Amino acid sequence: LVSPPLFVCASVGALVLGGYGALLLMSTGTLRYGTPGFGHLTLDGTTEALLAAVAGATFWLVVFCRHLQYAVIGGAVSEWYANADQWSTVRTYPVLAALGRALRYHAGSIALGSLMIASLKLVRLLFVMVRRRLRRATDRAHGRGLGMNF
């Protein structure tokens, strides 16, 4: 009962921290006047790279929290299953003990796996965006995007 709200709070905390960092980086931009709308910020290349790094690190932290939750649940269930016949050896708080074991012994493996999964998901998102843009461009070139279907 403790595990899901704990990791949801950790994920929300990572998102808030990443959003705060992104807002701080965006506040370093210069406001461009004379354009319609509410205003446009211009950022230099270094700030844009840092903003992308903050977004990637935030996504990585959220994925890390989710996989840490999987490891904790797996550790608690395996402790219960392995000691089902000996109730005296089961700890009082198996979820907290599994969290301690996961952070102490498996945090590096979870972090590396989360980094690989997060980076592959970002690459997949990039390919989906490119595919949608190409599909829109070919639809416009063939006249399908303008409602001219014959």
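### Focus: the confidence of the model for the protein
Then step 1. Per-residue confidence for the protein gives a mean pLDDT of 85, with 87% of residues at or over 70.
Then step 2. Ranking the helices and strands of the protein by mean pLDDT puts helix 4 (residues 107-141) first, with 92, and strand 1 (residues 30-32) last, with 77.

### Some words on the pattern of salt bridges
Then step 1. For the coordinates displayed, the defined rule picks out one salt bridge.
Then step 2. Ionic pairing is found between glutamate 79 and arginine 101, a salt bridge with its closest N-O pair at 3.4 Å. You can see glutamate 79 sitting in helix 2 (residues 45-82) and its partner arginine 101 sitting in helix 3 (residues 94-105), a full 22 residues away along the chain.
Then step 3. Judged by relative accessible area, glutamate 79 falls into the buried class, the value being 9%.

### Points about the nonpolar core
Then step 1. Counting residues in hydrophobic clusters, the biggest one holds nine residues: Phe7, Phe64, Leu68, Val72, Ala76, Ala98, Leu99, Ala102 and Ile110.
Then step 2. At the level of elements, helix 2 and helix 3 are the ones that each hand at least two residues to this core.
Then step 3. Broken down by element, the residue count for this core peaks at four residues, all from helix 2.
Then step 4. Other than its neighbours up to four places away in sequence, alanine 76 contacts Pro94, Val95 and Ala98.

Rules of the game
Residues numbered from 1 in each chain as written. Predicted model: local features only at pLDDT ≥ 70, side-chain atom pairs only at ≥ 80, totals over all residues. Heavy atoms only, no water. pLDDT = per-residue confidence, 0-100. Helix = DSSP H or I, 4+ residues; strand = E, 2+ residues; numbered from the N terminus. Salt bridge = Lys/Arg side-chain N within 4 Å of Asp/Glu carboxyl O. Buried < 20%, exposed > 50% of the residue type's maximum accessible area, 1.4 Å probe, protein only. Core = buried A, V, L, I, M, F, W, Y, C linked by side-chain atoms within 4.5 Å. Contact = heavy atoms within 4.5 Å.

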